[in-house]
Structures are given as structure tokens and as C-alpha cells.
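# A look at the structure
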Amino acid sequence: HSVSSKAVVSTQSTGHKNSPDLKWYYMGYYIHSCPKMRYKSQFRPSFLLCPRKHTWWPVEQCQPLLDQNKFVVFDEETPEEAAPTEEQLGSLKVLLTSERRPCLYSVYKVIEESDPYEEFLPDFVRLAGLENAQKICVYV
């Protein structure tokens, strides 16, 4: 096993002692074409995130597809998310530049004169998914 896989095993054992309800461990990015990252797919269970639909898929199902193409949408069944509404965009957390603190985007638009988030946020939501985007404070 590599140093990285030993670190994962160590983290799993100490993490379980400190947090017995810990169910998932994020091992970072997985680049299928990078041989040094292949060890990550050997841990079970192991899942990859569909880059378009934001659903999780067993790595065993994904590997044959990734052998054929560098970019694969694993989930062909789930419909694409609709473009975010103004209300959904307003519920996102962004950095209030003047005070260096997080606030809702709907508040930011009222307080700040310039809006560097206007073009960025809809794409961010499309790429990250609304549920994930609502968990992050965005700073442009």
C-alpha cells in the first residue's frame, strides 16, 4: 500500500473511535487516467459523483466508462436541474465585501454597488447542484 492508502486506513480507525457515527470519508479528487490515484478506487464502498446530475455511482460501474472516455455522465436517467430561480440564487451565501462577512446573495444585491456574482452564481449552481451550492459561502 502507498503512503496515502496507509493514511486513509489510519484516519478510518482513529476517525471511527472519535466519531462512531462517521459513515463516509472523502478521499479527494479521483482522476481515472492518473495511475497514482487508482488506489482510491480499491477501497469499498467507493463512489464517484456524476459531474452533471450530482448523483453518486459505484466506482465499479464507472471505471469501464472512464476507460473509454475522459468525461462521462454516469447518470443518464435523472433529469437535468432547471436553471436556478431568483429566489434560489438569493438564498445562497456570498461574502459581503465591505464587511468581510457572509450574507445572503439577496442581501448582498441591496447593499453592494457592484455585483461580481451576477454572472457567476447561475453557472456555479448548475455545476455544483443547488443543494451543494447552498452549503458553501461563495467569494469571487
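The preceding data block contains the structure.
Read on for an overview of the structure. From a predicted model like this one, the values you see are computed outputs, not experimental measurements.

## Considering helix α2 (residues 59-68)
Those residues of α2 lying buried are V59, C62, Q63 and L66. An end-on view of α2 places all buried positions within 110° of arc, on one side of the element. Against the buried residues of α2 lie β1 (47-49) and β2 (56-58).

## Observations concerning the packing of aromatic side chains
For any pair of aromatic rings, the description consists of the separation of the ring centres together with the inter-plane angle of the planes. Counted under the stated rule, the structure contains four aromatic pairs. Ring centres of Y105 and Y117 lie 6.3 Å apart, and the angle between their planes is 75°; this geometry places the pair in the edge-to-face category. Placement of Y105 in helix α4 (residues 105-111) and of Y117 in the loop between α4 and α5 (120-128) is noted, with a sequence separation of twelve residues between them. The residues Y105 and Y117 share a single accessibility class, namely buried. Centroid distance Y108 to Y117: 5.0 Å. Interplanar angle 85°. Geometry classified as edge-to-face. Take Y108 and Y117: they sit in the same class, and that class is buried. Each member of the aromatic cluster is reached from another via a ring pair, and the members are Y105, Y108 and Y117.

## Focus on the nonpolar core
Ranked by internal contacts, the top residues of the largest apolar core, which has 16 residues, are L92, V94, Y105, Y108, Y117 and L121. At the level of secondary structure, the elements contributing two or more residues to this core comprise β3 (93-96), α4, α5 and α6 (130-133). With four residues, the top contributor of residues to this core is α5. Membership of the second largest hydrophobic core comes to nine residues, among which are C50, V59, V72 and V73.

## Looking at the pairing of β3
In the case of a regular strand, side chains alternate between the two sheet surfaces. Relative to strand β4 (residues 101-104), β3 is paired through four bridges, and the arrangement is antiparallel. If you follow K93 over to β4, its bridge partner there is L104. Following β3, the chain reverses through four residues before pairing antiparallel with β4; R100 in that reversal takes a positive phi of roughly 55°. Direction of pairing for β3 relative to strand β5 (residues 137-138): parallel, over a ladder of two bridges. The residue bridging K93 from the neighbouring strand is C137, located in β5.

## Considerations on unusual backbone geometry
Look at the link from R44 to P45: it is a cis peptide, with omega at -5°. One non-glycine residue, R100, adopts positive backbone phi at about 55°. Relative to the assigned elements, R100 resides in the loop between β3 and β4. Under the relative-accessibility criterion, R100 is labelled exposed at 54%.

Criteria and thresholds
- Residues numbered from 1 in each chain as written.
- Predicted model: local features only at pLDDT ≥ 70, side-chain atom pairs only at ≥ 80, totals over all residues.
- Heavy atoms only, no water.
- Buried < 20%, exposed > 50% of the residue type's maximum accessible area, 1.4 Å probe, protein only.
- Helix = DSSP H or I, 4+ residues; strand = E, 2+ residues; numbered from the N terminus.
- Arc of directions from axis to C-beta.
- Contact = heavy atoms within 4.5 Å.
- Phe/Tyr/Trp six-rings, centres within 6.5 Å; stacked < 30°, edge-to-face > 60°.
- Core = buried A, V, L, I, M, F, W, Y, C linked by side-chain atoms within 4.5 Å.
- Pairing = 2+ DSSP bridges.

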